[in-house]
Amino acid sequence: MEKNYYRSTIDETLKDLQSSAAGLSEEEATKRLTTYGKNELEAEKHEPAWKLLVAQFNNILIYILVLSAIISMFLGKTVEPIAILVIVVLAGITGFVQEFQAGKAIDSLKKMASPTARVKRDGKDREINSVELVPGDVIILASGDKIPADARLLSAQMIKVDEAALTGESLSVQKHTNAIEGTNTPLGDRKNSVYMGTAVILGRAEAVVTSTGMSTEFGKIANMLNTTESRKTPLQMELDKLGKQLGIFSIVLATIVSFFAYMKGSPLDEVFVWGVALAVAIIPEALPAVVTITLALGVKRMVKRRALIRKLPAVETLGATNIICSDKTGTLTQDEMTIKKILSDNKVFDLTGVGYKPEGDFLFENNKINLEEFPDLIKSLSYGSLCNDTLLNNKDGEWDVLGDPTEGAIVVAAEKAGIGVEKYKEEHKRLHEIPFSSETKRMTTVNQFGEDKIAISKGAPEVIISSCNRILVGGNEVELTPAIKEGLLKEAHTFGENALRGIAIAYKNLGASDNFEGVEEGLVFMTIVAMIDPPRESVKAAIITCATAGIKPIMITGDHKVTAVAIAKELGIMKDGIAISGPEIEELSDEEFSKVVDTAEVYARISPAHKMKIVEALINKGNVVAMTGDGVNDAPSLKRADIGVAMGITGTDVSKEAADMILTDDNFASIVSAVEEGRSIFENIRKYLVYLLSGNMGTVLGLIAALLAGYAAPLMAVHILFINFVMDGILAITLGIEPPEQGIMSRSPRTSTEGILNKESIAYISSVGVWIGFVCFAMLVWYSGEIPDPMASKATPYAMSIFYAALIMSRIFNVFATRSIRDSFFKYGVVGNNALLIGVAFTLVLSFLTINWNIMNSIFSTTALSGTDWMYVSIAGLSVLVYSELHKLVMKAISKRASGA
């Protein structure tokens, strides 16, 4: 069982690790390196590149296509088999490239580890490669260092550590050396320990290494990444299933129809080629290409909307997503501490503006104030800027702070008050300092004010208030009575309930004395500044849109529950649900947790293992889950979720490599745009299949009707393959770039059990497919004008031309009808998709040439049609559009009745 060293004293830790404050000897360190192994993260063993490439072609649809191409080539065909093989190879290479990019998350994780470490060996300080660290080594840490291993602190001087990448907490953590009581203490609360990959931002410390390599908290995340399998997207699974079904169906149907043709007297070799052509026509061999092109074009559009897709198939998953698990810091919030309220002079002032940009107004009772009329407020912020080690920085118009974000918020507020902090600090030099510690929860400085020296103390409100005996009111120092103290503490508590972190500031005039003892007692209370990491401006609207689209947002954060709940309520995430903390999850069995996961809207103080548990539970409930995040701690759950969404600006390399999508502006609202694109892309792929299968069904039914009626086959293999090229290739692909349908974000996400061919699309395929077949057969009968010859093995060129032209025109009008499977053609018309218009024009020209150009007549066994003939076949084709309109009206009426509307 893993040892929880944070619960042990320093002496107990050193004894258990068989070490000392002087560190290990070189001899002992060498022995332990053999026992524990190198302090590095193990990469997952990936499949060889050639295996990944071969795996792309392990698909029954691919098998049938390749076999058809080989047979066609063997029988003297060249164009069709080459086209099929090119499509197959391109689709396989695309899949290979995507999978080959996987697994880089561990490499990125390695980059976050420190390359070197300062360590005590044989009682002397030295620098070694961090991979040589072993449990028991004593390491030396200073400001700016990246921590090379998990360790228990032995000494700490003002040390603050940025643990955001590991725990998700926005604020740096003040560390100490005392043992911590309690079990299952979250990582963010283990303040006597430091962890690999985090960084020291202030102070110095010495620590004894407790875990290295894969045993560290980073190592545990790496192990989860290694053992976590990414699920196939709903589209991938559906297309695999559909490909197998269509492959088997095409072979069976082609065999049956070929048998009829053979019984009509067609030669066996011609029947075989004809059967292969028919099978190829039924199989959507362009499907991999159409899917790839549709996704690629969608990705291009999404980049403009600040969403970068790393894995193409994940695009459509957004359309099925019904839950978004979002980190708080930097995703829902701006990751910039901002003072919102100030308690001064017995008044509560509001301060506008967000982030570190020093622009904003001071308000009292919602009215802008003249700061000159409130000298106590100016004095409070001025003194707060002196008891402060953080600088405000402006680089190319981008404002940031160098130092602690909490102190930075005070500096920004002072600048908003027009104090001019940098110059003010020069005028009032710091003479003495008592640094902040987690034990005292305060920082105190002594600054020069002319002949006088003034002590300024800032820290936790309860600590500062207890040290005061007076309060500054109206420029006067008056007695701080117990009743006033109670009121101040109550106000601080109210701030906390509203997710505001309160910092109190007090002072003491020391006169000309150089005696700095007792400077933290007998203070004059000045102010409580209350700050927050503010929500992003666009997030509220995005969450409203999510609700409209049937998507449930869930906050998952490393912050405290009170803060998380307050932010969630402000954003509209938390409504009727509950909030659960990490320690509370630990107390629940898997069965108990499964019962509450549906009602939870906020998770606080969460570890990486908790995130995985949450995502797993939601997925097991049948949800399609998107997980957003930016830290190392998010990586395993980003990989496990149906779609992982990483932050492009604040996100670590680890989170980006594990994710399917990266938001280039770190804006939660961009997810809404990505969802719209995802839904549109899925709908476009569905439209392609509906258009293709309804047309293919019409082709096959028309042929079967002709053969059953005694007519010779009205189509040859070359006709079928040509139609397959222009209809299933050129026109179908243009449907893949249809813009999003109106109102697509007001629909509920499709369920995980809903196939790409749902009841609505199957009804369209069946109904319109029958009509296309009927129209083509009717034209054949009308134009034949005679009783079919049962002995004829081949139809006349004229009959073939009519059937062939009617089929082409029917499928051209059908492509306009399928721009929307549910809405009327007149809602979209023929505009809005220029590629479709170009494709239709190109198809018409090619088709006309195959019929009316005498050079092509011998190849296609056709004869030129007159203008009247073309008019009639065009009217026949137009009837398909009219019929589809009637079909949509009937389906809407049935749907309306079923819903009880």
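If you're wondering where the values come from, they're calculated on a predicted model, not measured in any experiment. (Residues numbered from 1 in each chain as written. Predicted model: local features only at pLDDT ≥ 70, side-chain atom pairs only at ≥ 80, totals over all residues. Heavy atoms only, no water.)

**A word on the confidence of the model for the chain**
Threshold: Think of pLDDT as the predictor's per-residue confidence, scored from 0 to 100. Should any heavy atoms of two residues lie within 4.5 Å, those residues are counted as being in contact.
Per-residue confidence for the chain gives a mean pLDDT of 82, with 82% of residues at or over 70. In the model, residues 101-114 has pLDDT below 50 throughout and makes 39 contacts with residues more than four positions away in sequence or in other chains.

**Description of the pairing of strand E14 (residues 391-395)**
Condition: For two strands to be treated as a pair, DSSP must find no fewer than two bridges joining them. Helix and strand labels come from DSSP, where a helix needs a run of H or I of at least four residues and a strand needs a run of E of at least two; each type is numbered from the N terminus.
Of the pairings in the sheet, the one linking E14 to strand E15 (residues 398-402) comprises five bridges and is antiparallel in character. What sits directly across from Leu391, in E15, is Leu402. Connecting E14 to the antiparallel partner E15 that follows it, the hairpin turn spans two residues, and Asp396 within it adopts a positive phi of roughly 55°.

**Considering the nonpolar core**
The condition is simple: Residue types Ala, Val, Leu, Ile, Met, Phe, Trp, Tyr and Cys, when buried and joined through side-chain atoms within 4.5 Å, form a set referred to as a nonpolar core. Each residue is placed in one exposure class: buried if its accessible area under a 1.4 Å probe, protein chains only, is under 20% of its type's maximum, exposed if it is over 50%, and partly exposed if it falls in between.
If you look at the biggest cluster of nonpolar residues, it comprises 122 residues, and the most contacted ones within it are Met661 and Phe668. Take this core: its biggest share by element is 16 residues, from helix H25 (residues 669-708). With near-sequence residues (within four places) excluded, Met661 lies in contact with Met302, Ala307, Leu308, Ile309, Arg310, Leu318, Ile643, Gly644, Val645, Ala646 and Ala674.

**Considering the sheet that holds strand E27 (residues 643-647)**
For sheets, the rule is that strands pair by backbone hydrogen bonds, running either parallel or antiparallel. Test applied: Only C-alpha atoms enter the line fits that serve as axes; for helices the fit covers just the stretch in contact. Angles between N-to-C directions range over 0 to 180 degrees.
Across the sheet, which stays open at both edges, the eight strands sit in the order E8-E28-E27-E26-E9-E23-E25-E24 with mixed pairing between neighbours. Either end of the sheet is taken by a strand with one partner, and the two such strands are strand E8 (307-309) and strand E24 (578-581). Neighbour to neighbour, the strand axes of the sheet diverge by 20° on average, direction disregarded. Pairing of strand E26 (residues 625-629) with E27 involves four bridges; the strand directions are parallel.

**Considerations on the side chain of Thr390**
Using the following cut-off: What qualifies as a polar contact is a pair of N or O atoms within 3.5 Å, subject to a donor-acceptor requirement within protein and to the restriction that residues adjacent in sequence count only when both atoms come from side chains.
Tracing the chain through its elements places Thr390 in the loop between helix H13 (375-386) and E14. A residue is classified by how much of its surface remains accessible, and Thr390, at 1% relative accessible area, is buried. Here Asp404 takes part through its backbone nitrogen, which lies 3.0 Å from a polar atom of the side chain of Thr390. One polar contact links Thr390 to Glu407, side chain to side chain, over a distance of 3.1 Å. Once residues within four sequence positions are removed from consideration, Thr390 is found in contact with Val401, Leu402, Gly403, Asp404, Glu407, Gly408, Val411 and Lys425.

**Side note on the environment of Glu760**
Looking at the element boundaries, Glu760 is found in helix H27 (residues 759-784). When the C-alpha positions of Glu760 and Met891 are compared, they lie 7.9 Å apart, and in sequence the two are 131 residues distant. Residues within four places of Glu760 in sequence aside, it is in contact with Ile821 and Arg822.

**Here's the deal with the packing of H25 against helix H28 (residues 797-817)**
Note the following rule: Working rule for angles: under 35 degrees goes down as roughly parallel, over 145 as roughly antiparallel, 65 to 115 as roughly perpendicular, anything else as oblique. With the far helix as reference, a near helix turned anticlockwise by less than a right angle produces a left-handed crossing, and one turned clockwise produces a right-handed crossing.
In contact at an axis separation of 10 Å, H25 and H28 are set at 155° when each is read in the N-to-C sense. Here H28 runs roughly antiparallel to H25, going by the angle between their axes. You can see that H25 and H28 cross each other, and the crossing is right-handed. Contact residues: Tyr691, Leu692, Ser694, Gly695, Asn696, Thr699, Gly702 and Leu703 in H25; Phe803, Leu807, Arg811, Asn814 and Val815 in H28.

**Regarding the pattern of salt bridges**
Defined as follows: By definition, a salt bridge exists where a carboxyl oxygen of Asp or Glu is found within 4 Å of a side-chain nitrogen of Lys or Arg.
Considering all chains together, one arrives at 31 salt bridges under this definition. Between Lys347 and Asp345 there is a salt bridge, with its nearest N and O atoms 3.3 Å apart. Residue Lys347 is classed as partly exposed on the basis of its relative accessible area of 25%. Take Asp345: its relative accessible area is 13%, and that puts it in the buried class. Taking the shortest distance from any N to any O, the salt bridge between Glu885 and Lys888 comes out at 3.9 Å. One end of the pair is Glu885 and the other is Lys888, both in helix H32 (residues 867-898) and three residues apart, which spans about a single turn. One network of salt bridges, in which partners are shared, links Glu26, Arg121, Arg126 and Asp137.

**Quick word on the packing of aromatic side chains**
Rules: Any pair of Phe, Tyr and Trp rings, taking the six-membered ring for Trp, is counted once the centres come within 6.5 Å. Such a pair is stacked with planes under 30 degrees apart, edge-to-face with planes over 60 apart, and tilted for the rest. Criterion for a charge above a ring: Arg CZ or Lys NZ at most 6 Å from the ring centre, at most 35 degrees from the ring normal.
Evaluated as defined, the whole model comprises 14 aromatic pairs. Between Trp771 and Tyr883, the ring centres sit 4.9 Å apart and the planes meet at 0°, which makes this aromatic pair stacked. Placement of the pair is Trp771 in helix H27 and Tyr883 in helix H32, with a sequence separation of 112 residues. The exposure class of Trp771 is partly exposed, given its relative accessible area of 25%. For Tyr883, a relative accessible area of 25% gives the class partly exposed. By way of ring pairs, the aromatic residues Trp782, Tyr783, Tyr798 and Tyr872 are connected into one cluster. Here the basic side chain of Lys613 rests over the ring of Phe593, its NZ or CZ set 5.4 Å away from the ring centre. Directly above the ring of Tyr691 sits Arg811, whose terminal nitrogen or CZ lies 5.9 Å from the centroid.

**So, a nonpolar patch on the surface**
We count it as follows: To count toward a patch, a residue needs a relative accessible area over 30% and no salt bridge; like charges are then connected within 9 Å, while nonpolar side chains (Val, Leu, Ile, Met, Phe, Trp, Tyr) are connected within 5 Å. Computed with the Shrake-Rupley method and a 1.4 Å probe, the accessible areas treat only the protein chains shown as cover for residues.
On the surface, a nonpolar cluster with roughly 460 Å² of combined accessible area is contributed by Ile248, Val252, Ile256, Phe260 and Leu708. When residues in the nonpolar patch are grouped by element, the largest group, four residues, is from helix H9 (residues 234-263). Residue placement: Val252 occurs in helix H9. Judged by its relative accessible area of 46%, Val252 is partly exposed.

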